[in-house]
Amino acid sequence: MATEQPLVYFEKRPKIYPRSIKGRFRDIKTAILGLAYAVFFLLPFVRWDRGPGFPDQAVLFDLPGRAFYIFGLTVWPQEIFWLAILLLFAAVLLFFVTGMAGRVWCGYFCFQTLWTDLFFMIERWIEGERPARMRLDKERLSVHKIGLKVTKHLLWLLVAFATAFAFTGYFTDSLQLAQEFFLLEAAVPAYVTILILSATTYTMAGLMKEQVCTTFCPYGRFQSVMFDENTMIVAYDKVRGEGSNGRHKPQKGVTHEQRQAAGYGDCIDCGLCVQVCPTGIDIRNGLQYQCISCALCIDACDTIMDSINQPRGLIRYSSENELEHKPTKHWTPKNIAYVAVLSLAVLVFGYSMATRSHMVVDVQQERQPLYVQLSDGRIQNKYIVKVTNKQAQPAAYRIQMTGLPQAELQVNQEQLAVAPGKTAKVNVFVRVPPQALHEEKQHFEFKITDLSGREEKIYTIDFYAPESLVRDK
Ligand code: SF4
Ligand code: SF4
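Residues numbered from 1 in each chain as written. Chains lettered and ligands numbered in written order. Predicted model: local features only at pLDDT ≥ 70, side-chain atom pairs only at ≥ 80, totals over all residues. Heavy atoms only, no water.

**Observations concerning the pattern of salt bridges**
- Summed over all chains, the structure comprises 27 salt bridges.
- Salt-bridge contacts for lysine 152 lead to glutamate 123; the nearest nitrogen and oxygen are separated by 2.9 Å. Here the residue lysine 152 occupies a position in helix α6 (residues 143–168), and glutamate 123 occupies one in helix α4 (residues 111–127), the gap between them amounting to 29 residues. Each member of the pair, lysine 152 together with glutamate 123, is buried.
- For glutamate 242, the salt bridge goes to arginine 247, with nearest N and O atoms at 2.9 Å.
- Each of Lys15, Glu123, Glu127, Arg133, Asp137, Lys149, Lys152 and Lys209 takes part in a single network of salt bridges with overlapping partners. (Salt bridge = Lys/Arg side-chain N within 4 Å of Asp/Glu carboxyl O. Helix = DSSP H or I, 4+ residues; strand = E, 2+ residues; numbered from the N terminus. Buried < 20%, exposed > 50% of the residue type's maximum accessible area, 1.4 Å probe, protein only.)

Rendered as structure tokens:
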């Protein structure tokens, strides 16, 4: 009788010790990492003069003030649909790039990859290369081992804290935060935010590393939906690598030609491509969801091919079609459709930016009571006109009305002065003699003019009269 195997719900993952490697793709990754870190850490501290009454931080997401400042651009809540266009653009761009070039986002630009890369660099710097790290982990606990481990974790925590601090600086005045934080005078939410972000950065980039990509990230799981036989992926050329007899380690005195004649391929089974992989997979087993397309295995294999005087590219960016010696078609109907949607999003965004309004008008009608009859018989409706000045300088506005014959407009202020970035409101009364009223509800317009001559807005609203008054006519 066969014995039943117990079900395994959790398996401890083997620790991964990626080896460092030099090469073209490593250089590209390092350059992107340097640029991304410089932008991320320096941007919150760059100043930008917007005039009095406005923050002077180049990039500030001012949530309490309900405005986003991005250099010369100020985004108000009324323009938040731009965010929707940007998100659509980013999503379609991701699908398009993934369909064309695989997971380049994961391999080169994703925050998780960039931060994990830095945390790996620190680990290597403190504990040494792959063999030294493996030895260290096997060693018995000693002062030397504890010293290295503590130093590494302290450096990780320092980077995590710097990351959390810089991120928080995008949402508040970063220079003020820097002053107040260390004097213990910052607001409690700032400490809580920085603590939580430090903890998550340390956990995800230091402790979990590639597990975030292989276990939690949904993108890796649905990549196959976006891939097709024309997608450029990091791939092992099995035909070239294994010939008819498989891979084989080099043997002393056997030339490459003799190996080939014996049916062996170019792969010498050195394992370097596996050792450099930050997710610990063997690319020779084919496309796997754990592969983040970092291309370090290409650098590794190129190094080996150089050393045995064979052409590079046993592992390379390639499409399934190319591996099967068929042409790779990049401009498929699907990719053309993506480009069309991207172009449309750019056009809509550009048009919306070019025609953006510098004022926002909102009019509310007093509903209780909807109307009053004055002693002279005229019917009066009351409105509250709100004007938001989206410019960087003070503005004055005039309120007029059209569309109601014989109506009189009474505004408490001749001109409505509004400070930059602020909203002002004013009570407005509209009075109409009974003989001019023919319907219970009549449309008319408020016209609000920016006195600098820049813009005017029309707001359509209703005037209400008592039903008895209109019916009796
Ligand atoms: S690095 Fe190249 S030669 Fe070495 S095992 Fe990997 S595929 Fe084979
Ligand atoms: S298989 Fe190659 S490209 Fe994929 S994650 Fe590993 S090293 Fe990077």
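**Focus on the pairing of strand β13 (residues 441–450)**
- Of the strand pairs in this sheet, strand β9 (residues 395–402) and β13 are connected by six bridges, and their pairing is antiparallel. Following the sheet pairing, arginine 398 is matched in β13 by threonine 449.
- Linking β13 back to strand β14 (residues 456–464) in an antiparallel pair, the connection comprises five residues, with glycine 453 at a positive phi of about 85°. (Pairing = 2+ DSSP bridges.)

**Description of the site of ligand 1**
- Close contacts around ligand 1 come from Tyr236, Cys267, Ile268, Asp269, Cys270, Gly271, Cys273, Arg284, Cys301, Ile304, Met305 and Ile315, and that covers them all.
- A per-element tally of the shell around ligand 1 places helix α15 (residues 296–307) first, with three residues. (Near = heavy atom within 4 Å.)

**Focus: the site of ligand 2**
- Close contacts around ligand 2 come from Val234, Cys277, Pro278, Thr279, Ile281, Ile283, Cys291, Ile292, Ser293, Cys294, Ala295 and Cys297, and that covers them all.
- Classifying every residue of the shell around ligand 2 gives ten nonpolar, two polar and no charged. (Nonpolar A, V, L, I, M, F, W, Y, C, P; charged D, E, K, R; others polar.)

**Observations concerning the pairing of β9**
- Across the two faces of β9 the burial differs, with Ala395, Tyr397, Ile399 and Met401 buried and Ala396, Arg398, Gln400 and Thr402 not buried at all.
- Examined bridge by bridge, β9 and strand β11 (residues 416–418) share three bridges and lie antiparallel to one another. When the bridges of β11 are listed, alanine 395 appears paired with valine 418.

**Some words on the sheet that holds β11**
- Read across the open sheet, the four strands follow the order β11-β9-β13-β14; overall the sheet is antiparallel. Pairing within the sheet leaves two strands with one partner each, and these edge strands are β11 and β14. Each neighbouring strand pair of the sheet contributes to a mean axis angle of 30°, computed without reference to strand direction. (Axes fitted to C-alpha atoms, helices over the stretch in contact; angles between N-to-C directions.)

**Quick notes on the packing of aromatic side chains**
- Summed over all chains, the structure comprises 33 aromatic pairs.
- When the ring of phenylalanine 54 is compared with that of tyrosine 69, the centres are 6.1 Å apart and the planes differ by 90°; the resulting orientation is edge-to-face. In this pair, phenylalanine 54 is assigned in the loop between α1 (24–42) and β1 (59–62) and tyrosine 69 in strand β2 (residues 67–70), connecting sequence segments 15 residues apart. Side by side, phenylalanine 54 and tyrosine 69 carry an identical accessibility label, which is buried.
- Consider the rings of phenylalanine 167 and phenylalanine 171, whose centres lie 5.5 Å apart with planes at 45°: the pair is tilted.
- The class of phenylalanine 171 is partly exposed, set by a relative accessible area of 31%.
- Ring pairs connect the aromatic residues Tyr37, Phe40, Phe41, Phe61, Phe68, Phe111, Trp115, Phe167, Tyr170 and Phe171, which therefore count as one cluster. (Phe/Tyr/Trp six-rings, centres within 6.5 Å; stacked < 30°, edge-to-face > 60°.)

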